[in-house]
Amino acid sequence: MIKKLEDHISYIKNFDSKDKDEIESMKIKFLGRKGLINELFSDFKNVPADQKKEYGQKINDLKNLASDKYENLKLGIKKSRKSITEDYTKPGFPISSGSLHPITLIKNRIVDIFSKVGFELSEGPEIEDDWHNFTALNLPQDHPARDMQDTFFIQQDPDILLRTHTSSVQVRYLEDNPPPLKIISPGRVYRNEAISSRSHCMFHQIEGIYVDEKVSFADLKQMILYFTKSMFGKSKLRFRPSFFPFTEPSAEVDIYWGLETETDYRITKGTGWLEIMGCGMVDPNVLQNCNIDSEKYTGYAFGLGIERIAMLIYQIPDIRLFFENDIRFLNQFK
Ligand code: PHE
């Protein structure tokens, strides 16, 4: 009887298969309810007393061997199946990734261009007080030029408002830093204007200011030339005399973009020209309001509209598209 057991043990030891059915029938044959092992257990009573101990051990060995074998072979099948289905030459699952907003893309480009020539980045709050947005910029209370920018006030408090331009950051920086100084500051600005294809009540500007000894209008012109060449690859410009309370003299700068596409016609209203910034020499009153010696120092400042530039570069005919968050629009800037 022991011999029979030993034969079974060596059979199991040598058993090998990759066939699922074969492995299952091995299991049924040995470990099934009416299988060999149960049969051998019931034979136990017929085993001579002196062999009972050895028989018992061997039968347990057989049982363990058979169930280990079964588990291992099953695992083997699973593994080999896995390696067949994993085809590493297949293309991966597409992972949808986001993208930067076109306004951010253009802002980053503008910041890069000015960083190259030594402008540092400085930011200020969007909720401003009257002093930084108006009064220090040479716009005293009741100055008619305050009407140039229709203002959102916060909770009827005439002192707290949403900044109407990034020029407020000029004041904050000038108050805290002695010249020479050279900064740009991008950010959102707010005006209570009717929304149309060219204007929106929230938009983005980049302010630039340079204050040092002997800064002149020629420096300003040269900087704007450098900027438009780097940004657009063209620099046919028009400086129109203008008025800002915080600069004297002041100018508005138009770029000649051309009329190659229908969008060019729409954005430039059929002229080929588009105003892209206001600029001028910092008014001495502004320097004095910030405790800077206006006899010793002069400076220039400019304020660029980011949407306008993005509209030209990406050929976007309507400013409202920037703020609708339509995924079909945004996906084009990946
Ligand atoms: N703050 C002006 C505007 O928003 C632009 C400007 C900035 C003009 C700096 C001159 C100098 O229209």
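Conventions we followed
- Each chain has its residues counted from 1, running along the sequence as written.
- With the structure being a predicted model, the display of local features is reserved for residues of pLDDT at least 70 and the display and counting of side-chain atom pairs for 80 or more, all residues being used for whole-chain, interface and lining totals.
- Only hydrogens and water are removed before side-chain values are computed, so all heavy atoms of the structure are retained for them.
- For two strands to be treated as a pair, DSSP must find at least two bridges joining them.
- Put simply, DSSP marks the helices as runs of H or I at least four residues long and the strands as runs of E at least two long, and each gets a number from the N terminus on.
- For this analysis, residues touch if any pair of their heavy atoms sits within 4.5 Å.
- Axis geometry follows a simple rule: fit a line to the C-alpha atoms, using only the stretch in contact for helices, then measure angles between N-to-C directions, giving values from 0 to 180 degrees.
- For every residue, the accessible area (1.4 Å probe, protein chains only) is compared with the maximum for its type, and the residue is labelled buried under 20%, exposed over 50%, or partly exposed between those bounds.
- Polar contact is defined as a pair of N or O atoms within 3.5 Å, subject to the rule that within protein one atom must be able to donate a hydrogen and the other to accept it, and that residues adjacent in sequence are counted only when both atoms are side-chain atoms.
- Proximity criterion: a residue is near a molecule or strand once any of its heavy atoms comes within 4 Å of it.
- Each residue receives one of three labels: charged for Asp, Glu, Lys and Arg, nonpolar for Ala, Val, Leu, Ile, Met, Phe, Trp, Tyr, Cys and Pro, and polar for the others, Gly being one of them.
- By salt bridge we mean one thing: a side-chain nitrogen of Lys or Arg within 4 Å of a carboxyl oxygen of Asp or Glu.

Chemist: Can you explain the sheet that holds strand β7 (residues 237–244)? Please cite residues and give values.
Modeler: One open sheet accounts for seven strands, arranged β1-β5-β6-β10-β9-β8-β7; its pairing is mixed. The open sheet is flanked by β1 (120–121) and β7, the only strands paired with a single partner. Where strand β5 (residues 181–190) and strand β6 (residues 202–212) come together, ten bridges link them in antiparallel fashion. Residue pairing across strands places I183 opposite I209, the latter belonging to β6. Strands in contact with helix α7 (residues 167–176) are β1, β5, β6 and β10 (298–305); relative to β6, the strand with the most contacts, it is inclined by about 35 degrees.

Chemist: I'd like a description of the pairing of strand β9 (residues 273–282), backed by residues and values.
Modeler: Here β9 lies mainly inside the structure; nine of its ten residues are buried. Strand direction decides the pairing type here: strand β8 (residues 247–256) and β9, joined by eight bridges, are antiparallel. Considered in β9, the bridge of D254 is made with E275. Two elements, β9 and β10, share five bridges in a ladder whose sense is antiparallel. Across the sheet, residue G280 finds its bridge partner in β10, namely A301.

Chemist: Got a sec to walk through the side chain of T268? Specific residues and values, please.
Modeler: Here T268 is to be found in the loop between α9 (262–267) and β9. Reaching out from T268, the side chain makes a polar contact with the backbone oxygen of D264 at a distance of 2.7 Å. Among all residues touching T268, those that are not within four sequence positions of it are R198, L259, W273 and L274.

Chemist: Lay out the site of the ligand in plain terms, naming residues and giving numbers.
Modeler: The environment of the ligand is made up of 15 residues, and the closest members are H165, S167, R191, Q205 and E207. The side chain of S167 places a nitrogen or oxygen atom 2.9 Å from a nitrogen atom of the ligand. Between the ligand and Q205, the relevant distance is 2.9 Å, taken from an oxygen atom to a side-chain nitrogen or oxygen of the residue. Tallied by class, the residues present in the shell around the ligand amount to five nonpolar, eight polar and two charged.

Chemist: Can you explain the pattern of salt bridges? Please cite residues and give values.
Modeler: Once their charged atoms are close, side chains differing in charge can pair, the charge on each being opposite to the other. One pass over the structure, following the stated rule, counts eleven salt bridges. A salt bridge links K58 to E54, with the nearest nitrogen and oxygen atoms 3.2 Å apart. Here K58 pairs with E54, and both are found in helix α4 (residues 52–85), just four residues apart, close to one helical turn. Between R146 and D130 there is a salt bridge whose closest N-O contact spans 2.8 Å. Of this pair, R146 sits in the loop between α6 (130–133) and β3 (153–154) while D130 sits in helix α6; the two residues are 16 residues apart in sequence, bridging distant segments of the chain.

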